Amino acid sequence: MGHCLGILYIEGGYLTEISSEGTKVEHVDYAISPQAHTPMYLMHKFWARKPHNVVGEYIEHYSKKGEIVLDPFVGSGVTAIEALKRGRKAIATDLDPMATFITRINRENL
Ligand SMILES: C[S@@+](CC[C@H](N)C(=O)[O-])C[C@H]1O[C@@H](n2cnc3c(N)ncnc32)[C@H](O)[C@@H]1O
């Protein structure tokens, strides 16, 4: 994500981060209500599937269009698909070939 080459330090007991562009990183410190899965995420039952809108909001917050989002434990593909939907590039890997298969099928249906 965009700021991953920044600086981390403790300020007033809180972990503070300066981005690679020199600005203080404001973290997501509010609750995001999960929405129901959309049809594309229901073609296959995957118990650990994360809510697409929550993942999507984190991607919006922590990366910019054109940047690369990496998910090495992609599972049902939510992070990769939400990244692509928001104009990011995505790298998605998983130990389980079924996970990358589901992700590939979802990408083809974007
Ligand atoms: C909790 S699921 C991820 C769920 C995903 N965030 C989603 O929303 O669908 C964890 C995934 O990590 C994969 N995994 C576990 N250990 C792994 C490893 N050592 N290397 C790669 N993938 C691994 C599992 O196969 C599983 O698909």
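Nothing here was measured: the structure is a model prediction, and the numbers come from that model.

## A look at the overall build of the chain
When its secondary structure is counted, the chain shows three helices and four strands. Each helix and strand of the chain, placed in order from N terminus to C terminus, yields the pattern β-β-α-β-α-β-α. Dimensions along the principal axes, computed over C-alpha positions, put the chain at roughly 45 × 25 × 25 Å. Counting across all 110 residues of the chain, residues that qualify as buried make up 19%. A sequence separation of at least 24 residues applies to 40% of the contacts in the chain between residues at least 6 apart.

## Notes on the environment of Glu82
Summarising the element assignment, Glu82 is placed in helix α2 (residues 78–85). Filtering out sequence-adjacent residues up to four positions away, Glu82 remains in contact with His52, Val55, Gly56 and Ile59.

## Quick word on the confidence of the model for the chain
The predicted model of the chain averages 90 in pLDDT, with 95% of residues at 70 or higher. Least confident of the elements in the chain is strand β2 (residues 14–18), whose mean pLDDT is 80; most confident is α2, at 98.

## Quick look at helix α3 (residues 97–108)
Taking 1.5 Å as the rise per residue, α3 with twelve residues should run 16 Å; its terminal C-alpha atoms sit 17 Å apart, in good agreement. Among the residues making up α3, those that are buried are Ala99, Ile102 and Thr103. Projection of α3 onto a plane perpendicular to its axis shows the buried side chains occupying an angular sector of 100°, all on one side. Projecting away from the buried face of α3 at angles above 90 degrees are the exposed residues Pro97, Met98 and Glu108. Residues of α3 that are buried sit in contact with α2 and β4 (89–92).

## Describing the environment of His61
Following the sequence through the fold, His61 ends up in helix α1 (residues 52–62). Spatially, the C-alpha atoms of His61 and Val78 are 16 Å apart, while their sequence positions differ by 17 residues.

## A look at the nonpolar core
Grouped together as the largest cluster of nonpolar side chains are twelve residues: Val55, Ile59, Val69, Val74, Val78, Ala80, Ile81, Ala83, Ala90, Ala92, Ala99 and Ile102. Taken together, the elements giving at least two residues each to this core come down to α1, α2, β4 and α3. For this core, the element with the highest residue contribution is α2, accounting for four residues. With residues near it in sequence (within four places) discarded, Val78 still touches Tyr41, Arg49, Lys50, His52 and Val55.

## Observations concerning the domain arrangement of the chain
Segmentation of the chain into domains returns domain 1 (1–29) and domain 2 (31–108). Centre-to-centre separation of domain 1 and domain 2, based on C-alpha positions: 24 Å.

What counts and what doesn't
Residues numbered from 1 in each chain as written. Predicted model: local features only at pLDDT ≥ 70, side-chain atom pairs only at ≥ 80, totals over all residues. Helix = DSSP H or I, 4+ residues; strand = E, 2+ residues; numbered from the N terminus. Buried ≥ 20, exposed ≤ 12 C-beta atoms within 10 Å, placed from the backbone. Contact = placed C-beta atoms within 7 Å. pLDDT = per-residue confidence, 0-100. Expected span 1.5 Å × (residues − 1). Arc of directions from axis to C-beta. Core = buried A, V, L, I, M, F, W, Y, C linked by C-beta atoms within 7 Å. Domains from an automatic or database assignment.

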